[in-house]
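Notes for the structure review
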Amino acid sequence: MRQTASRRKPGFRLPGLASDPRARPAALRVARGFREALLTVVALLGLACILVLVLGFFFKASFVVFRTGSMEPLYPVGALSLTVQVTAKDLVPGDVVSVRREAATALVTHRVVAVYPPSVEGATASLRLRGDANTSDDPLPYEVATAQKVLFTVPGLGTWIMASRGPEFLGAATLAVAALVTWAYWPRRRAAVQAEICATGAKPQQ
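The present account deals with the structure reproduced in this document. (Residues numbered from 1 in each chain as written. Predicted model: local features only at pLDDT ≥ 70, side-chain atom pairs only at ≥ 80, totals over all residues. Heavy atoms only, no water.)

1. Side note on the side chain of Gln148
Turning to its location among the elements, Gln148 is positioned in strand β7 (residues 146-154). One polar contact links Gln148 to Ser62, side chain to side chain, over a distance of 3.3 Å. Dropping the residues within four chain positions of it, Gln148 is found in contact with Lys60, Ser62, Thr83, Val84, Gln85, Val96, Val97 and Ser98. (Helix = DSSP H or I, 4+ residues; strand = E, 2+ residues; numbered from the N terminus. Polar contact = N/O pair within 3.5 Å; in protein donor to acceptor, adjacent residues only side chain to side chain. Contact = heavy atoms within 4.5 Å.)

Structure below.
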């Protein structure tokens, strides 16, 4: 009996588990459930990225982050909007669209005030826009062939998206995912055998 006890004493013990052998299988189940939950979250994020790529390819969809307060209060700073590409002549007053002038690099996301026939070749409409928080229309009309029409908006989400593009966040996310994958696929046979031994009281095979 003393020899058997001496064999079990130096048995494998996972850090953080209770000293009571009967509590170890429960702790292992909790750790396993936590790991599976994290893997599910990562898988859902990957699925969301694939969905965004599909929407962008087939429907010319894109996301717009509001960086100024010209469209408040409905579209506050930091809001994220999903947009799809439409023909400019199909727009009506009241639509919120993102357009870009030929000489500009930044998008302008304002509300359509009026739609006129185009005055330049290649355009399908001349759009007069105004920000909801502005007291006057934009200085010049937008002669465009297409525009990105806003479908729905999530306040505050754009701030997180912009922050996630920084190198610090990308580096931390890479390390976190690498650690999670390592934890998920690290060999656990010895821990599982020891947990079974603790639960059943059986003697390990030599």
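Structure's up, so let's keep going.
2. Quick notes on the environment of Met71
Take Met71: it is sitting in the loop between β1 (62-65) and β2 (80-87). Distance in space between the C-alpha atoms of Met71 and Val96 is 9.5 Å, their sequence separation being 25 residues.

3. Observations concerning the side chain of Thr83
If you trace the backbone, Thr83 turns up in strand β2. Overall, Thr83 belongs to the buried group, its relative accessible area being 0%. A distance of 3.1 Å separates a polar atom in the side chain of Thr83 from a polar atom in the side chain of Gln148. Not counting residues within four places of it along the chain, the set of residues in contact with Thr83 comprises Lys60, Ala61, Ser62, Val64, Gln148, Lys149 and Val150. (Buried < 20%, exposed > 50% of the residue type's maximum accessible area, 1.4 Å probe, protein only.)

4. Side note on unusual backbone geometry
Cis geometry is adopted by the peptide bond preceding Pro73, which originates at Glu72 and carries an omega value of 10°. In this structure, Pro73 sits in the loop between β1 and β2.

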